[in-house]
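Letter by letter, the chains look like this.
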Amino acid sequence: MPSKTLYDKIWDAHVVSTEPDGTCLIYIDRHLVHEVTSAQAFEGLRLNDRPVRRPELTLAVVDHNIPTTDRSQGIDDPESKLQMDTLAANTKEFGVEYYDELDQRQGIVHIIGPEQGFTLPGTTVVCGDSHTATHGAFGALAHGIGTSEVEHVLASQTLLQNKSKNMLVKVNGKLPAGITAKDLTLAIIAHTGTAGGTGHVIEYSGEAIRDLSMEGRMTLCNMAIEGGARAGLVAPDEKTYAYLKGRPKAPKGADWDAAVAYWKTLHSDEGAHFDKVIEIDATSIAPIVTWGTSPEDAIAITDSVPEPMSFSDEHKQSSAARALEYMGLTAGTPMTEIPIDKVFIGSCTNGRIEDLREVARVVEGRKIAPNVDAMVVPGSGLVKSQAEEEGIAAILKEAGFDWREPGCSMCLGMNPDRLEPGERCASTSNRNFEGRQGHGGRTHLMSPAMAAAAAVTGRLTDVRTLDTAGAPA
Amino acid sequence: MKALKELSGVAAPMPMINVDTDMIIPKQYLKTIGRSGLGKGLFHSMRYNDDGTDNPDFVLNKEAYKDAKILIAGDNFGCGSSREHAAWAIEDFGIRCVIAPSFSDIFYNNAFKNGMLLIRLPQEQIDELTEQAEFGSNAVFSVDLESQTVTAPDGKEHTFEIDDFRKHCLLNGLDEIALTLEKAQSIDQYETNTNNAHSWLNPAAG
Ligand code: SF4
């Protein structure tokens, strides 16, 4: 048998049929649905009188435009309410399981899939949301789709796809102490650029990747899309099985054993061909922050705001100049001298329990700076209750953080949580596009520990120096 | 989907790299449960001033480009989210063809599902086309899907690549879901085979 990559193996196992030009009909094992990108798809089914082919393979949740304040009294915004009510009605009509805003299992779609054991190694996972790449942490082939494709999956449990190329990102050595998966994923994008992965599925491997926890791997794969890749993958291992075992929707009994036996075959073979290979030295990575309006605009916290003319390509020069103007930054300013107004801890990148533990570790016994408004939005109701049980919520509240209900929140500002024009935010989310967190809002992406450090000092801060630079209570 | 065989018209030049989906259609327009009428929100923050008036410097607000049918853009166009609203907004504005050095994968798929044609050409050719597009309403471009060519106002033909299956669907305006459902037997067969080999794939009732 020829050597195959992990991606080749999953792909081959899902081909239903092939067109003469190589376009394939691919079977979809798991489909996640949320309120923003599904209404038109269900409407399409209704107009054509088509049922959902296998409703049990789709799981729906409300997350994007839900407020993160108390929801027990209903939702004020009429447009958001209409989208939520539409999803509730559609899932009921078509027989799809739905976690509504009061369900404890509700949360961000990419957090609840793994949490429920719905996401499994070797499966194909899709969702009308680009950060579906997150599920690749389990060795699932997972990618975002548009609404027409959501409809296609609901109707046929398949998608028409062209196979992508194989790309390997090998991260050698160990990450230094205090450097997290978020720093790593930003460092990779800074290295490859936002289009570096276009047309490829990335497999992440190497010692630093194996060392990451499952949650760290999710953070890593979550941002594969920011590097332009169709999907990101990490081969499953003992950590993957341990994470999944006993989760509500994970296989049980004999099925579990059969599944694990199969999952053990899911790795790239010796000598498998990759079209593109990038090697990164983990030992040299510092805490990373972004300075511009694209995730590739990422540098070490110890650096200064770059000079647009320092970029070689003229398109990059003009986009950097535009980014600095939007961000209200001057070239040459040390990153650690940039004051902030808000801190957002949350999102499908960094809204899991380990992220909240990191934040608590940094802020315990400290207070957030008086000029800063800081909020923590747990990624799901289950993360929230776990953090409350572990005493994390109490530490965060004591430090001055606002403790919210789960949802996408200020990751995209479709709900009431957003930046005002000109406000500057230290954010653990994944996109710093113009206007992403609110019209005119300025986003600096970073890890939870770095955002916590910024909350304490009121400016971008190297978390490794917090003891000397901070203002401990 | 609407068929598209050929198209000719003015092309709006937009030589910015990494034009993301938040720029194409910001989130306040994502609260709709319909597909139509999004053209007014296209490129919202570049197109309108804070008070809601038109920004006269933005390309699509210039008289020459108000009826543009083609957009000539920079590298990595449509990066960011999976929102099909981005394709809906461009199409609703009246643009059915975007030419750029590269596109994000999801945006590329979404556009074709909505009867749009996306053309990838090398950066040098894009630079040439952008320069000619800057002549405004006097510069008419023609695109022919059958022969896979873009003819620039200077008469020069630029050939582009496209997958046969995509081309076939767009030329004939085919409904891909109906096409797939014709393959129901293959899908049934696939399900039977995997159910036998991998029963663990059925989600536990959790
Ligand atoms: S948290 Fe942000 S990136 Fe993740 S699904 Fe929600 S809006 Fe998308």
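Residues numbered from 1 in each chain as written. Chains lettered and ligands numbered in written order. Predicted model: local features only at pLDDT ≥ 70, side-chain atom pairs only at ≥ 80, totals over all residues. Heavy atoms only, no water.

Chemist: Account for the pattern of salt bridges, naming residues and giving values.
Modeler: Using the criterion set out here, one finds 41 salt bridges over all chains in the structure. Of the charged contacts, one joins A:E358 and A:R361 as a salt bridge, the two residues approaching to 3.3 Å between their closest N and O atoms. Taken together, the positions of A:E358 and A:R361, both in helix 13 (residues 353-363) and three residues apart, correspond to about one turn of that helix. Residue A:E358 is classed as partly exposed on the basis of its relative accessible area of 23%. Close ionic contact of B:E63 with B:K66 constitutes a salt bridge, the shortest N to O distance being 3.6 Å. Taking relative accessible area as the criterion, B:E63 reaches 64% and is therefore assigned exposed. The exposure class of B:K66 is partly exposed, given its relative accessible area of 36%. (Salt bridge = Lys/Arg side-chain N within 4 Å of Asp/Glu carboxyl O. Helix = DSSP H or I, 4+ residues; strand = E, 2+ residues; numbered from the N terminus. Buried < 20%, exposed > 50% of the residue type's maximum accessible area, 1.4 Å probe, protein only.)

Chemist: Go over the pairing of strand 15 (residues 342-345) of chain A, please, and point to the residues and values.
Modeler: Residue and element names in this part refer to chain A. Burial along strand 15 is two-sided: K342 and F344 and V343 and I345, pointing in opposite directions, are all buried. The pairing of strand 15 with strand 16 (residues 373-376) spans four bridges and is classified as parallel. Among the inter-strand pairings, V343 is bridged to a residue of strand 16, identified as A374. As paired elements, strand 15 and strand 18 (residues 424-427) share three bridges and run parallel to each other. Residue pairing for strand 18: K342 is matched across the bridge by C425. (Pairing = 2+ DSSP bridges.)

Chemist: Residues and numbers for the environment of B:Y190, please.
Modeler: Mapped onto the fold, B:Y190 is located in helix 8 (residues 184-197). There is a polar contact of 2.6 Å between the side chain of B:Y190 and the backbone oxygen of A:A13. (Polar contact = N/O pair within 3.5 Å; in protein donor to acceptor, adjacent residues only side chain to side chain.)

Chemist: Can you break down the packing of aromatic side chains residue by residue, with the values?
Modeler: With the rule as written, the count across this model stands at 15 aromatic pairs over all chains. Between A:W256 and A:W263, the aromatic rings sit 5.5 Å apart at their centres with planes inclined by 90 degrees, giving edge-to-face as the arrangement. Assigned by exposure class, A:W256 and A:W263 land together as buried. Put simply, the rings of A:Y241, A:W256, A:Y262, A:W263 and B:W200 touch in pairs and so form one group of aromatic residues. Residue placement shows A:R247 over the ring face of A:Y243; its charged tip is 3.9 Å from the ring centre. (Phe/Tyr/Trp six-rings, centres within 6.5 Å; stacked < 30°, edge-to-face > 60°. Lys NZ or Arg CZ within 6 Å of the ring centre and 35° of its normal.)

Chemist: Kindly report on the sheet that holds strand 6 (residues 149-151) of chain B, identifying the contributing residues and their values.
Modeler: Strand pairs in the sheet, formed through backbone hydrogen bonds, run parallel or antiparallel to each other. Residue and element names in this part refer to chain B. Ordered by their spatial adjacency, seven strands build an open sheet running 4-3-2-1-5-6-7, and the pairing between neighbours is mixed. In this open sheet, the two strands that pair with only one neighbour each are strand 4 (117-120) and strand 7 (157-159). Here the strands of the sheet are splayed against their neighbours by 25 degrees on average, with no regard to which way each runs. The pairing of strand 6 with strand 7 spans three bridges and is classified as antiparallel. Within strand 7, the position partnered with V150 by the bridge is H158. (Axes fitted to C-alpha atoms, helices over the stretch in contact; angles between N-to-C directions.)

Chemist: Talk me through the site of the ligand; I want residue IDs and the actual numbers.
Modeler: In the region of the ligand, the neighbouring residues are A:H64, A:I108, A:H110, A:D129, A:H131, A:S347, A:C348, A:C408, A:C411, A:L412, A:N430 and A:R436. If you map the ligand onto the pockets, it falls in the largest cavity. (Near = heavy atom within 4 Å. 1 Å grid on protein atoms, 1.4 Å probe; cavity = no way out; pocket = protein on both sides within 12 Å on 5 of 7 lines; lining within 4 Å. Sits in = over half its atoms within 2 Å of the grid points.)

Chemist: For the interface of chain A and chain B, give the residues involved together with the corresponding values.
Modeler: In this complex, chain A contributes 83 residues to the contact, which on the side of chain B involves 58 residues. Between chain A and chain B the total buried area reaches about 5,800 Å² when both faces are included, carbon and sulfur atoms providing 55% of it. When the area that chain A buries against chain B is broken down by residue, the three leading residues are A:Q40, A:R53 and A:H315, summing to 11%. Counting across the chain A and chain B interface gives eight salt bridges. Taking the shortest distance from any N to any O, the salt bridge between B:K183 and A:E19 comes out at 2.9 Å. Here chain A is connected to chain B by 36 residue pairs in polar contact (both at pLDDT 80 or more). Secondary structure elements with two or more residues in the side of chain A that touches chain B: strand 1 (15-18), strand 2 (24-27), helix 2 (39-48), helix 3 (78-94), helix 5 (147-156), strand 8 (158-161), helix 10 (253-263) and helix 11 (314-327) of chain A. In terms of residue class, the side of chain A that touches chain B is built from 27 nonpolar, 31 polar and 25 charged. (Contact = heavy atoms within 4.5 Å. Buried area = accessible area lost by both parts, 1.4 Å probe. Nonpolar A, V, L, I, M, F, W, Y, C, P; charged D, E, K, R; others polar.)

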